[in-house]
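Commentary on secondary and tertiary structure
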Amino acid sequence: MQVVAVFGANGGLGQALIQEYLITNPQACVLAVARSECPEALFNWLQAENFSFSESDVEIDPGRVIWQKCNFSEPSLHALFELWRAANIELSGLLSTIGWLHQESAEHGNWQPERRIEALNEAQLLEYFRVNAILPALILQGAKPLLPKKEPSFVIQLGAKVGSITDNHLGGWYGYRASKAALNMLYKTAAIEFKRTHKQLCIGVIHPGTTDTDLSKPFQERLPADKLYSAAASAERIWSVINSLDAKDSGGFWFWDGKPLPW
Ligand SMILES: NC(=O)c1ccc[n+]([C@@H]2O[C@H](COP(=O)([O-])OP(=O)(O)OC[C@H]3O[C@@H](n4cnc5c(N)ncnc54)[C@H](OP(=O)(O)O)[C@@H]3O)[C@@H](O)[C@H]2O)c1
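Residues numbered from 1 in each chain as written. Predicted model: local features only at pLDDT ≥ 70, side-chain atom pairs only at ≥ 80, totals over all residues. Heavy atoms only, no water.

Under the annotation held in an unreviewed UniProt entry, the chain carries the name Short-chain dehydrogenase and is attributed to Aliidiomarina shirensis.

Okay, structure coming up:
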């Protein structure tokens, strides 16, 4: 049975990726990891489609979604992976959507992507790197003992085309760009290391295309309508890229249509 973990399961793309995966793999088991409860819309959809749902145990069963709350601190990640290891879980794949571009909080106020060097500040830059690059690396580290050494598997993190250094012709968005570029380097480096021990594993980063989620909301106005994709359409394309990959592709960075992106 396929067992796939989705980190950032509650986001716009996270929810759509789970739905698309279960539509095409109804006998699979999904470990859905998020900071919050399962969103009502996804929960209702799972009920309507007769998938079973659990928040209280990690019993792997076909057609089951196991919702795992995690605050993504290093200790909480260790505890999560240890729980899975103790339950003898082997992952067929891991997909993480975790990332942020803008956020508003009582602590920091309104953090928007920095257009000019004057807008840079240490706290915001650190948070971009922590969430967009460091967390995905810690997730990969934690998943390592759960990945099969001889069977095909994947670890994919959603990145961003703006994280390509070669493709940066516009400037702006310093912290988001730089943290996604750092993610690329961390995943590329890990792909080289894992090749020695996990010969059938594909590690990589996929750019989902501009998708209608909370993350892109403030930046959708100037986009032509045909360049903004629904989460469902992006999810279908992301899975189609993942399904086309194998171990020889490990260490890659791809556009949503499967074409390689330059570093
Ligand atoms: N949408 C686009 O147009 C677009 C374009 C290019 C790349 N991407 C990339 O695609 C991925 C998914 O984005 P999306 O569009 O689905 O956005 P989204 O709806 O905002 O989802 C982002 C996910 O990241 C999680 N996250 C954010 N900050 C976090 C933190 N501090 N700690 C732990 N988790 C955190 C969110 O969890 P919470 O809900 O708990 O905050 C959520 O699950 C991101 O990596 C993004 O950079 C998106």
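The subject of this paragraph is the overall build of the chain. Helix and strand counts for the chain come out as six helices and 10 strands. Against the globule reference of 18 Å for 263 residues, the chain gives a C-alpha radius of gyration of 18 Å, in line with a compact fold. Counting only C-alpha atoms, the chain reaches 50 × 40 × 40 Å along its principal axes. Every one of the 263 residues in the chain was classed for burial, and the buried ones make up 48%. Residue pairs at least 24 apart in sequence account for 73% of intrachain contacts in the chain once pairs closer than 6 positions are excluded. A total accessible area of about 13,100 Å² is found for the chain, and carbon and sulfur atoms account for 52% of it. Here the chain contributes 23 positively and 28 negatively charged side chains, and the mean placements of these two sets differ by 9 Å. (Helix = DSSP H or I, 4+ residues; strand = E, 2+ residues; numbered from the N terminus. Rg over C-alpha atoms; globule rule 2.2 N^0.38 Å. Buried < 20%, exposed > 50% of the residue type's maximum accessible area, 1.4 Å probe, protein only. Contact = heavy atoms within 4.5 Å. Areas by Shrake-Rupley, 256 points an atom, 1.4 Å probe, with all protein chains shown as cover. Lys, Arg positive; Asp, Glu negative; His and termini not counted. Charge placed at Lys NZ, Arg CZ, Asp CG, Glu CD.)

Let us now look at the environment of L120. By secondary structure assignment, the location of L120 is in the loop between β7 (109-111) and α4 (122-143). Looking at L120, the relative accessible area reads 28%, which means it is partly exposed. When the C-alpha positions of L120 and A235 are compared, they lie 33 Å apart, and in sequence the two are 115 residues distant. With residues up to four places along the chain from it excluded, the contact list for L120 reads E114, L125 and Y174.

Further remarks concern the nonpolar core. Side chains of a nonpolar character, in soluble globular proteins, are inclined to be buried together. Core analysis: the largest hydrophobic core is formed by 44 residues, its most contacted members being F7, W84, L91 and I203. Looking at this core, the elements with two or more residues in it are β1 (3-7), β2 (29-34), α3 (74-86), α4, α5 (174-197) and β9 (201-206). Every residue in contact with L91, bar those within four places of it in the chain, is listed here: V3, A5, L31, A143, L146, L147, P148 and S153. (Core = buried A, V, L, I, M, F, W, Y, C linked by side-chain atoms within 4.5 Å.)

Taken as a whole and assessed by the stated rule, the structure comprises 10 salt bridges. Here K69 makes a salt bridge to E37, at a shortest N to O gap of 3.2 Å. Taken as a pair, K69 in strand β4 (residues 64-69) and E37 in the loop between β2 and α2 (40-48) lie far apart in primary sequence, 32 residues in all. Judged by its relative accessible area of 42%, E37 falls in the partly exposed class. Residue K259 is joined to D257 by a salt bridge in which the shortest nitrogen-to-oxygen separation is 3.3 Å. The class of D257 is partly exposed, set by a relative accessible area of 37%. (Salt bridge = Lys/Arg side-chain N within 4 Å of Asp/Glu carboxyl O.)

The subject of this paragraph is the pairing of strand β5 (residues 93-96). Where burial is concerned, the two faces of β5 agree: the one with G93 and L95 and the one with L94 and S96 are both buried. Alignment of β5 against strand β8 (residues 153-158), held across four bridges, turns out to be parallel. Looking at the pairing, L94 lines up with V155 of β8. (Pairing = 2+ DSSP bridges.)

A positive phi angle is found at F72, which is not glycine, with a value near 65 degrees. Structurally, the position occupied by F72 is in the loop between β4 and α3. The phi angle at N88 is positive, at roughly 60 degrees, despite the residue not being glycine. Here N88 is to be found in the loop between α3 and β5.

Reading across from one edge, β3-β4-β2-β1-β5-β8-β9-β10 is the order of the eight strands in this open sheet, with parallel pairing throughout. Strands at the two margins of the open sheet, each flanked by one partner only, are β3 (52-54) and β10 (252-254). Going from strand to strand, the sheet's axes swing by 20 degrees on average, the running direction of each strand aside. Pairing of β2 with β4, which is carried by six bridges, proceeds in the parallel orientation. Residue pairing across strands places A32 opposite W67, the latter belonging to β4. In the packing of α5 onto the sheet, contacts are made with β8, β9 and β10, and the angle to β9 comes to roughly 170 degrees. (Axes fitted to C-alpha atoms, helices over the stretch in contact; angles between N-to-C directions.)

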